[in-house]
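As a plain string of letters, each chain reads:
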Amino acid sequence: MAEEQPAKVAGKARKSSKTSPIATANDKTDEEFIRDYLKPSQGWTLWTHPLTKQSYSLELLSPHSLSKDDFKACFDIIESTSGEDYKSASVGWHPAMKKKEMKSPDLRYILVKDESGTVQGFTSLMPTFENHEPVLYCYEVHLLPDLQGSGLGKHLMNFLITIAENIPSTKKVMLTCFISNPNGLRFYERIGFTKDDFSPRDRVLRGGKVVRPDYVILSRETARGGSEGLVDGELEREDGN
Ligand SMILES: CC(C)(COP(=O)(O)OP(=O)(O)OC[C@H]1O[C@@H](n2cnc3c(N)ncnc32)[C@H](O)[C@@H]1OP(=O)(O)O)[C@@H](O)C(=O)NCCC(=O)NCCS
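Computed from a predicted model, the values in this text were never measured in an experiment.

(A) Structural context of the site of the ligand. Around the ligand sit 21 residues, and of these Gly153, Lys154, Asn183, Arg186 and Arg190 come closest. Within the residue set of the shell around the ligand, elements represented by two or more residues are helix H4 (68-88), strand S5 (133-143), helix H6 (152-166) and helix H7 (182-190). With five residues, the top contributor of residues to the shell around the ligand is H7.

Put into structure tokens, the structure is as follows:
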């Protein structure tokens, strides 16, 4: 999940000039984004459930290309899988705000549809800046119960990792997860995410009471995670291409 966390809002406001690789990525059409960053193998739009053998289709789309039904299905899936986590957190559950965030123009969705064309899960992602660093932010990853534990979550997150690796200068894939979602936390840990340095820390109040944040920021570095301040094209030169 991702929500109106202060760090992310601040990061978005600091979006760099038109020449940054992040701006370049966000200017691309969906077809260009797939070709240049997802660089998929043939057949990437099909996924078969390992147990039921049912087929699912995958597609990458910007919010403006989502049909009303697909948008509603994504919203309903978030509400069903994570609504309680939002409600019990300080951020709360605010449908109008969530829908507005889900329409952010720089988001891209990867939808998972069953054979009838109904959305059964999705992830959404955005190339952006966080704390002055170019990152790929995972806003959402949610699967309906029949797809959970199937390997599909990892399959979708691998797309994000590939995209992050292919957008020049991108340092990491980042996301937020509620502390109240231990399954989500274990999933991310299993696929190599660790607590980010910018994750909020416990606060000790004057009377000694410790206030624990109700979410954690996790990240997984790209191969170039440690390198500094590359601009468009520099990565290729560094790699000798
Ligand atoms: C979280 C979610 C996307 C994970 O997708 P998934 O398809 O269930 O997970 P996968 O089957 O791909 O699991 C990938 C790996 O994580 C491990 N894993 C997944 N859930 C786990 C859990 N609860 N505890 C321990 N390990 C877990 C799997 O064993 C697997 O390990 P492996 O690669 O060694 O086999 C999915 O369960 C979901 O949509 N949950 C509800 C919504 C949600 O919580 N989203 C995250 C919001 S921040």
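(B) Quick peek at the pairing of strand S10 (residues 215-221). For S10, a buried count of six out of seven residues is recorded, marking the element as mostly surrounded by other parts of the structure. Relative to S10, strand S6 (residues 172-178) is paired through seven bridges, and the arrangement is antiparallel. Its bridge partner lying in S10, Cys177 is registered against Val216. Two elements, strand S7 (residues 194-195) and S10, share two bridges in a ladder whose sense is antiparallel. Residue pairing across strands places Lys195 opposite Leu218, the latter belonging to S10.

(C) Spotlight on unusual backbone geometry. Here the phi dihedral of Asn131 falls at roughly 50°; this positive angle occurs in a residue that is not glycine. Note on placement: Asn131 falls in the loop between strand S4 (119-130) and S5. Of note in this structure, His132 is not a glycine but carries a positive phi near 70°. With respect to the element layout, His132 can be found in the loop between S4 and S5.

(D) Representation of the sheet that holds S10 within the structure. Ordered in space as S1-S2-S3-S4-S5-S6-S10-S7, the eight strands form an open sheet in which the pairing is mixed. In the strand order of this sheet, the two ends are held by strand S1 (46-48) and S7, each with one partner. Of the strands in this sheet, strand S2 (55-61) and strand S3 (108-113) are in contact with helix H3 (residues 30-38), which crosses S2 at around 105°.

(E) Here's a closer look at the packing of H3 against H6. Running from N to C, H3 and H6 point in directions that differ by 85°, and their axes come no closer than 8 Å. Viewed along their axes, H3 and H6 adopt a mutual orientation that is roughly perpendicular. Counted together, Asp36, Tyr37 and Leu38 of H3 and Phe159, Thr162, Ile163 and Asn166 of H6 form the full contact between these two elements. A breakdown of the residues in the contact of H3 with H6 according to their chemical character gives four nonpolar, two polar and one charged.

Cut-offs applied
- Each chain has its residues counted from 1, following the order in which its sequence is written.
- Per-residue local features of the predicted model are confined to residues with pLDDT of at least 70, and side-chain atom pairs are confined, for both listing and counting, to 80 or more; whole-chain, interface and lining totals are unaffected and use all residues.
- Residue proximity rests on one test: whether the C-beta atom, placed from the backbone, lies within 6 Å of the molecule or strand.
- What counts as a helix is a DSSP run of H or I of at least four residues, what counts as a strand is a run of E of at least two, and both are numbered from the N terminus.
- Buried, partly exposed and exposed are defined by the number of other C-beta atoms within 10 Å of a residue's own C-beta, namely 20 or more, between the two limits, and 12 or fewer respectively, with C-beta atoms placed from the backbone.
- Following DSSP output, two strands are said to pair if at least two bridges run between them.
- Contact between two residues is assigned when their C-beta atoms, built from the backbone, lie within 7 Å.
- Angular values range over 0 to 180 degrees, each being the angle between N-to-C directions of two axes fitted as lines to C-alpha atoms, with helices fitted over their stretch in contact.
- Roughly parallel refers to an angle under 35 degrees, roughly antiparallel to one over 145, roughly perpendicular to one between 65 and 115, and oblique to any angle outside these ranges.
- Following the grouping adopted for this structure description, the nonpolar residues are Ala, Val, Leu, Ile, Met, Phe, Trp, Tyr, Cys and Pro, the charged ones are Asp, Glu, Lys and Arg, and the polar ones are all others, Gly among them.

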